[in-house]
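Here's the letter readout for the chains.
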Amino acid sequence: MIDYIQLFNEYHLELPDSLIRQNSLYDPLTHALNIYSFREISAIFLKNIRENKERNLEFQSRGVDIIFFNITSFQSFNEKYGFERGSQAIQKLANLISKAFPGRMVARFASDQFVVMAFSDESVRGIQEVSSAFEKILYDTVCSLKAGICNLPYEEEETEMAAFCDRAKSAADSIKKDYRSTFRRFDHVLEDHLNRRNYVVEHLDEAIEKGWIKVFYQPVIRSLTREVCGVEALARWEDPTYGLITPDLLIGTLEEYQKIHKLDSAIIRTACRETAALISQGKEVVPFSFNVSRLDFELCDIYQVITDCADSYGVPRKLIHVEITESVFDKNPEYIKEQIKKFHQGGFEVWMDDFGSGYSSLNTLKDYDFDVIKIDMLFLRRFDNRSKKILTSIVDMAKRLGIRTLAEGVETEEQLAFLRDIGCEKLQGFLIGKPQPLAELAEHLHHVELTIEPDSMRGYYDDLGRVNLLSTQPLDSDLIQDGDDSIEITQGIPLAIWEYRGDRGRFLLTNKPFRSILRSIGVYSPRALEFDLNDKAHPLHGQVLAYFKKMLQSGKIVTLDQMVNGNYLILHGRNVSSYEGGSAYVIVAHNVSEHAEFSRGIQTREAMSVVFQLFDIVDLIDPKKDRNEPIYIKNQFFAGHALGGGFKKLIGGIVRDTVHPSDRDRFLGFMNAETMEERLSCRDRALMTDYFRMKDEKGGYSWMEYDLFLLRRQEESRVLLCARWTGFERMQSFDENLYSSTVLSLVKDLHQFSDYINQEPKRQFRK
Ligand code: C2E
Ligand code: MG
Ligand code: MG
């Protein structure tokens, strides 16, 4: 039986009977002391050295430290390597600590936490020894070992051992996110922090009762309109003694002490009360979102709290959005899934907060049903090409899943413009406004001339927000593209959103490639074009109005081809959302003659217009790379040609939707990319022509003529596909020689044209 314990080599502590009788002084896994025996033994030790100051001169002169070790995110280690290896790592850490602090008292506090009592002059060296050895075990994980040191002050006679351990722990916690530090000593800054934490825990009820807890609102704007479409309700504690206490201290502390639900309930109640007051004053209100903690789901029935508040203040549920972070899924994911469903059924939107900040964000998206993801501000902090690419793919992916997007932490106009261009729907950040009390927010919005989005427009703009500006098929009728397995990140498609309010039109959005098309036709700003198109005397006014009307009435993709300032422009457009006062349209533009190489090749406009008069479709094919580059499409009926997707996929689609069943095999044979080049090479003019019955606009079948020309230069070769409707009679009297010589003289004799052919297509629809 153990009746004494060695603390500092020669210093032995006799154990009291209560401890001797206890069977387990030690932690079974690591053989370090367990937390209970540590508490008792260290308390006796502290009492002894305080009582026998003369006898314990060495302790006084060298000083004694409590060192707290903690592995951050150790849970992820277990997830990665399994529980068994997790336990081995903990044993290893215990051994390393005992080795680095020989003859000192070592205790295991919790799964990944250890405490050591050592002389002050031994602490730093010991910590460094443990850290550098343990780093090897953690090297390919997100975990790291942190240590905090607290010196035992002899003057604080009243302070108990547990408080010193807390201080050491808070020192270790304070460097959790600081990748460069391995340890920190408890100091006055931390002491102040710790005091505030204790204060917060002890005075929470009083703060709620006395109204010290305030809601600050941060505005959210819609990127398309720059109107305020929401606010986030954030907690602030305005304390009579300490001043403003912010969430960085508040939330963590209250979570640790399991009191966070009290704060969250107070926030939701206040936000409902303040919203109800605005409504009763007849003011325009926007929805508010607020943050729910992971622990709210355990500590209270948070759904009930929210519905009670909403109902008792009479706030419509569509004005309340619940923000949750992915950490809620750590425990009991099935339960949370149910809760999300319940919120949805109850009429609340559920938003995912801080998307991308954790390591399982993508999984969470896959498994849970969110209305909006709030993209973490981390991606905007380093606003370089890499993070732009990541942001672009997040927005693209979210839209494919039918989830709307909000970017947090927008601080510059440049970030705002980028996010709007990639179709990120809502924006929040200091550029737009800081969190502030309601009254100040109203003043701020007035000052910076931000208007509030009317309630009646919300659904309309939400619909518009679902258009995926990044898709190769932004006109797709479902707007959401699932089943499209090609995740490509391109801003290559020139695209705009046009809105009519009454008979006045405006661009809600033009992306970069679209603006460059405008420039190529001599229009230097979208605003200038807007002005012209709204001018009834302008020649294009009536035509454009009719074009949009046709889209609205048909609900389908409508194509317009138009010569503008000597450029051949093709527009495909579709109505995407409407309300009683207006409507919005997505427009994809192609400036056929803008192809610099193309126009260099076909030097004269006349030659070009001959091609365009002769054909309904001109495509450039690279059969080896399965690529097709639409050069010209006359008819909306073939709009599919312009939307990319690889040559084989294109042919597959045409066969399925357009070719007469009896002609399908022949068509597939004719278009076979594997053999195309070989077949064409055998022909003396490298030309092949055939005729197929294709579904026409009237729903019947008409003959269409397809021509393939092989264009070869050195090793490279491409095939030019030209197609046109042809009357049966014309087909009978077809003079192949005459016809092909016209076309061939156009395309083959102009050798510059093959320059174009041999270059990588500039406007790439699909990689
Ligand atoms: P969050 O929900 O992601 O809230 C956004 C935080 O980012 C806010 O900090 C806001 O002030 C800050 N922020 C907004 N725009 C910018 C910007 O452009 N630049 C920078 N650097 N920061 C910006 P805040 O209010 O300190 O809140 C911090 C976190 O505390 C919140 O992050 C949220 O997770 C939590 N929180 C706040 N209020 C509550 C609450 O009532 N309940 C719960 N459970 N958590 C809350
Ligand atoms: Mg939030
Ligand atoms: Mg956030």
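Residues numbered from 1 in each chain as written. Chains lettered and ligands numbered in written order. Predicted model: local features only at pLDDT ≥ 70, side-chain atom pairs only at ≥ 80, totals over all residues. Heavy atoms only, no water.

Topic: the overall build of the protein
Formally: Put simply, DSSP H or I for four residues or longer makes a helix, DSSP E for two residues or longer makes a strand, and each gets a number counted from the N terminus. To sort residues, take the accessible area from a 1.4 Å probe on protein chains only and compare it with the maximum for the residue type: under 20% means buried, over 50% means exposed, and anything in between is partly exposed. Here, residues are in contact when the closest pair of their heavy atoms is within 4.5 Å. In short, Shrake-Rupley with a 1.4 Å probe defines the accessible areas, and a residue's cover is counted only from the protein chains shown.
Looking only at helices and strands, one finds 31 helices and 27 strands in the protein. Taking all 767 residues of the protein together, the buried fraction comes to 53%. For the protein, contacts bridging at least 24 residues in sequence account for 63% of all contacts bridging at least 6. Carbon and sulfur atoms make up 50% of the accessible area of the protein, which amounts to about 35,500 Å² in all.

Remarks on the packing of helix α8 (residues 188–209) against helix α10 (residues 260–280)
When two helices pack together, their arrangement is captured by the angle between the axes and the distance separating the axes. Spelled out, the test is: Only C-alpha atoms enter the line fits that serve as axes; for helices the fit covers just the stretch in contact. Angles between N-to-C directions range over 0 to 180 degrees. To sort the angles, those under 35 degrees are grouped as roughly parallel, those over 145 as roughly antiparallel, those from 65 to 115 as roughly perpendicular, and the leftovers as oblique. Crossings are classed by handedness, with left-handed meaning an anticlockwise turn of the near helix from the far one by less than a right angle and right-handed meaning a clockwise turn. Gly is put with the polar residues, along with every residue not named as nonpolar or charged; the nonpolar set is Ala, Val, Leu, Ile, Met, Phe, Trp, Tyr, Cys and Pro, and the charged set is Asp, Glu, Lys and Arg.
Where α8 contacts α10, the two axes come as close as 10 Å, and the packing angle between them is 15°. As summarised for this structure, α8 and α10 are arranged roughly parallel, according to the angle between their axes. Two packed elements cross with a definite hand, and for α8 against α10 that hand is left-handed. Each of Leu204, Asp205 and Ile208 in α8 lies in contact with α10, whose residues at this interface are Lys262, Leu263 and Ala266. Residues belonging to the contact of α8 with α10 are distributed by class as follows: four nonpolar, no polar and two charged.

Looking at the coordination of the magnesium ion (ligand 3)
Formally: Each metal's donors are the N, O and S atoms found within 2.8 Å of it, except that Na, K and Ca use a 3.2 Å limit; water is left out, so coordination can look incomplete.
Within the protein, Asp353 (OD), Asp354 (OD), Glu408 (OE) and Glu408 (OE) serve as the donor atoms for the magnesium ion (ligand 3), at 2.0 to 2.5 Å. Positions of the donor residues of the magnesium ion (ligand 3) along the chain correspond to the pattern D-D-x53-E. If you look at the magnesium ion (ligand 3) and the magnesium ion (ligand 2), they sit 3.9 Å from each other and are both ligated by Asp353. Placement of Asp354 in strand β14 (residues 349–355) and of Glu408 in the loop between β16 (404–407) and α17 (413–421) is noted, with a sequence separation of 54 residues between them. Accessibility expressed as a relative area gives 24% for Asp354, which makes it partly exposed.

Examining the coordination of the magnesium ion (ligand 2)
The coordination sphere of the magnesium ion (ligand 2) contains the protein donors Glu232 (OE), Asn291 (OD1), Glu323 (OE) and Asp353 (OD), at a distance range of 2.0 to 2.2 Å. Read N to C, the donor residues that coordinate the magnesium ion (ligand 2) are spaced as E-x58-N-x31-E-x29-D. Residue class for Glu323 comes out buried when judged on its relative accessible area of 1%.

Here we look at the site of ligand 1
Stated formally: The cutoff for a nearby residue is simple: one of its non-hydrogen atoms must lie within 4 Å of the molecule or strand. Under the rule applied, a polar contact is a pair of N or O atoms within 3.5 Å (in protein, one hydrogen donor and one hydrogen acceptor; residues adjacent in sequence only if both atoms are side-chain atoms).
Near ligand 1 there are 22 residues, and of these Asp264, Asn291, Asp353, Glu411 and Phe430 occur at the shortest range. At 3.1 Å from a nitrogen atom of ligand 1 is found a main-chain nitrogen or oxygen belonging to Ala235. Separating an oxygen atom of ligand 1 from a side-chain N or O atom of Asp354 is a distance of 3.0 Å. Contributions of two or more residues to the shell around ligand 1 are made by β10 (228–239), α9 (247–256), α10 and β14. The leading source of residues in the shell around ligand 1 is β10, at four residues. Within the shell around ligand 1, the residues separate by chemical class into nine nonpolar, five polar and eight charged.

Concerning empty space enclosed by the protein
A probe as big as a water molecule, rolled over the atoms, marks out the empty space that is left. So the rule is basically this: Grid points spaced at 1 Å over the protein atoms alone were grouped into cavities, where a 1.4 Å probe fits but cannot get out, and pockets, open sets with protein on both sides within 12 Å along at least five of seven lines, with lining residues defined by an atom within 4 Å of a point. Grid points are joined across faces, edges and corners, and a volume is the space filled by probe spheres set on the points.
Applying the stated criterion across every chain, the model contains five cavities of 30 Å³ or more. Roughly 100 Å³ of volume is contained in the largest cavity. Around the largest cavity, the lining comprises 15 residues; the ones closest to its centre are Ser223, Leu224, Gly423, Glu425 and Gly465. In terms of residue count, the dominant contributor to the lining of the largest cavity is helix α19 (residues 458–465) (three residues).

Here's the deal with the confidence of the model for the protein
Note the threshold: Per-residue confidence from the prediction method is given by pLDDT, with values spanning 0 to 100.
Looking at the protein as a whole, the pLDDT averages 83, with 84% of positions reaching at least 70. Low pLDDT, under 50, characterises residues 596–606; the stretch is placed with 22 contacts to residues that sit more than four places away or in other chains. Here residues 729–767 is modelled with pLDDT under 50, and outside its nearest four sequence neighbours on either side it reaches 92 contacts, counting other chains as well.

Considerations on the sheet that holds strand β5 (residues 105–110)
What counts, and what does not: The pairing criterion is simple: DSSP has to find at least two bridges between the two strands.
The six strands lie next to each other as β3-β5-β6-β4-β7-β8, forming an open sheet whose pairing is mixed. On the outer flanks of this sheet lie β3 (33–34) and β8 (183–185), each paired with one strand and no other. When β5 meets strand β6 (residues 113–119), the two strands line up antiparallel, connected through five bridges. Each residue of the ladder has a partner; that of Val106, found in β6, is Val116.

Looking at the packing of aromatic side chains
The condition is simple: Think of it this way: a Phe, Tyr or Trp ring, Trp meaning its six-membered ring, pairs with another when their centres are within 6.5 Å, and the plane angle makes it stacked under 30 degrees, edge-to-face over 60, tilted otherwise.
Applying the stated criterion to the full structure yields 27 aromatic pairs. Taking the centre distance of 6.3 Å and the plane angle of 90° together, the rings of Tyr303 and Phe348 count as edge-to-face. One end of the pair, Tyr303, is in helix α12 (residues 302–313); the other, Phe348, is in the loop between α13 (333–345) and β14, with 45 residues separating them in the sequence. In terms of burial, Tyr303 and Phe348 fall into one category: buried. Judged by centre distance (5.8 Å) and plane angle (15°), the rings of Trp498 and Phe548 are stacked.

Details of the nonpolar core
Put simply, the rule reads: Put simply, a nonpolar core is a bunch of buried Ala, Val, Leu, Ile, Met, Phe, Trp, Tyr and Cys residues held in one set by side-chain atoms that sit within 4.5 Å of each other.
Trp237, Ile320, Ile324 and Leu419 are the most contacted members of the largest nonpolar core, which totals 79 residues. Broken down by element, this core gets its largest block of residues, seven residues, from α10. If we skip the residues at most four places from it in the chain, Ile324 touches Val292, Phe297, Phe329, Ile340, Val350, Trp351, Met352, Asp353 and Phe370. One finds Leu7, Phe109, Ala168 and Phe186 within the second-largest nonpolar core, a separate group that totals 38 residues.

Some remarks on the environment of Ile35
Looking at where Ile35 falls in the secondary structure, it is placed in helix α2 (residues 35–51). A residue is classified by how much of its surface remains accessible, and Ile35, at 15% relative accessible area, is buried.

Here's the deal with helix α21 (residues 526–533)
Note on helix geometry: an α-helix contains 3.6 residues per turn, so any two residues three or four positions apart are oriented the same way. What counts is decided by this rule: Throughout, the arc means the angular range of directions from the helix axis out to the C-beta atoms.
For α21, the complete set of buried residues consists of Pro526, Leu529, Glu530 and Leu533. Along the long axis of α21, the arc covered by the buried residues comes to 105°, so they all point the same way. In α21, the exposed positions angled more than 90 degrees off the buried face are occupied by Arg527 and Phe531. Next to the buried residues of α21 lie β18 (495–501), β19 (504–510), α20 (512–520) and α22 (539–554).

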